[in-house]
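Each chain is listed here by its residues.
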Amino acid sequence: IVESMATTAAEQKHAFLKLDAFSLKACGTLAEQLGAGDKPLDLLVLSQGMATVQGHTPVPETGLDQKLSLHVYSRALLASALAPVLARSADPRVLSVLSAGVHGSYTGWSLELLKGYSIANAADAAGFYTDIYLEALSEALVGQQRPVL
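Thresholds, definitions, all that
- Residues numbered from 1 in each chain as written.
- Predicted model: local features only at pLDDT ≥ 70, side-chain atom pairs only at ≥ 80, totals over all residues.
- Heavy atoms only, no water.
- Helix = DSSP H or I, 4+ residues; strand = E, 2+ residues; numbered from the N terminus.
- Buried < 20%, exposed > 50% of the residue type's maximum accessible area, 1.4 Å probe, protein only.
- Contact = heavy atoms within 4.5 Å.
- Bend = angle between axes of the 7 residues up to and from the residue.
- Polar contact = N/O pair within 3.5 Å; in protein donor to acceptor, adjacent residues only side chain to side chain.
- Expected span 1.5 Å × (residues − 1).
- Arc of directions from axis to C-beta.
- Salt bridge = Lys/Arg side-chain N within 4 Å of Asp/Glu carboxyl O.
- Core = buried A, V, L, I, M, F, W, Y, C linked by side-chain atoms within 4.5 Å.

Enquirer: Even after reading the chapter, I still don't get the overall build of the protein, so can you show me in this structure?
Expert: Looking only at helices and strands, the protein features five helices and two strands. Along the protein, from the amino end to the carboxyl end, the secondary structure elements read α-α-β-α-α-β-α. The buried share of the protein, reckoned over its 149 residues, is 34%. Relative to all contacts within the protein whose residues are 6 or more apart in sequence, the contacts with residues 24 or more apart total 67%.

This is the structure:
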């Protein structure tokens, strides 16, 4: 994919970066590395995900459910931590590939889904939380020089 992108837009640099997105620490480290230079980040694509029928499965590092950690918390951390790097771009964009508003409504689960956990509730919560977080982050950044999201 990177090679084909290089032939269609040779003047732009494209890269896919490997990341253990279950690890919020690794997400923070990647954000620090990308922010260390002075180059802009024009497009951030958040596509990490998993499909499983297993129940609540905690990530050893945080105790958060794997699905929520991957689908919600890692995306929120990367988007907010990379906002200053995106702001260096003339036309910054964040694309989160998840449920795109196609999920059930909030039904009062606990934030970490410690009560009422089910596969459907985990999927609905991930979409709901991600929509709300990215909308709130976008609104918070509107007051800056230009919106990032």
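Enquirer: Sorry if this is basic, but what is going on with helix 3 (residues 66-81) here?
Expert: Within an α-helix, residues lying three or four positions from one another point in the same direction, as the helix has 3.6 residues per turn. Taken as a whole, helix 3 carries its principal kink of about 30° at Tyr73. Within helix 3, 13 of the 16 residues are buried, which leaves the element mostly enclosed by the surrounding structure. Taking the backbone nitrogen of Lys67 as reference, a side-chain oxygen 3.2 Å away marks Asp65 as the first, capping residue of helix 3.

Enquirer: In this structure, what is going on with helix 2 (residues 24-36)? I would like to understand it.
Expert: The end-to-end C-alpha distance of helix 2 is 18 Å, a good match for the 18 Å that 13 residues give at a rise of 1.5 Å each. The complete set of buried residues in helix 2 reads Leu24, Cys27, Leu30 and Ala31. Looking straight down helix 2, one finds that the buried residues subtend no more than 120° of arc, so they occupy a single side. Exposed residues pointing more than 90 degrees away from the buried face of helix 2 are listed as Lys25, Glu32, Gln33 and Ala36.

Enquirer: Just checking my understanding: could you explain the pattern of salt bridges for this structure?
Expert: Should their charged atoms come close, side chains of opposite charge can pair. In this structure the tally under the stated criterion is two salt bridges. Notably, a salt bridge pairs Asp65 with Lys67, separated by 3.6 Å at the nearest N-O pair. Relative accessible area serves as the criterion here: at 6%, Lys67 is assigned to the buried category. For Asp91, the salt bridge is made with Arg93, and the minimal N-O distance between the two is 2.9 Å.

Enquirer: Which parts of the structure should I look at to understand unusual backbone geometry?
Expert: Glycine aside, residues mostly have negative phi angles, and peptide bonds mostly take the trans form. One non-glycine residue, Leu113, lies in positive phi territory at about 60°. Locating Leu113 in the fold gives a position in the loop between strand 2 (93-96) and helix 5 (119-142).

Enquirer: I'm lost on the environment of Ala125 in this one. Help?
Expert: Within the secondary structure, Ala125 sits in helix 5. With 15 residues separating them in the primary sequence, Ala125 and Ser110 have C-alpha atoms 9.6 Å apart.

Enquirer: Would you take a moment to explain the nonpolar core for this structure?
Expert: A general trend in soluble globular proteins is that nonpolar side chains are found buried together. If you look at the biggest cluster of nonpolar residues, it comprises 18 residues, and the most contacted ones within it are Leu41, Leu44, Leu46, Leu78, Leu82 and Leu86. Elements that contribute at least two residues to this core include exactly helix 2, strand 1 (43-46), helix 3, helix 4 (83-86) and helix 5. Filtering out sequence-adjacent residues up to four positions away, Leu41 remains in contact with Leu82, Val85, Leu86, Ser89 and Pro92. Counting eleven residues, the second-largest nonpolar core is a separate cluster that includes Trp109, Leu113, Ala125 and Ala126.

Enquirer: How should the environment of Leu30 be read in this particular structure?
Expert: With respect to the helices and strands, the residue Leu30 is situated in helix 2. Taking the C-alpha atoms as reference points, Leu30 and Asp20, separated by ten residues in sequence, lie 10.0 Å from one another. Not counting residues up to four positions away in its chain, the partners in contact with Leu30 are Leu17, Leu19 and Leu78.

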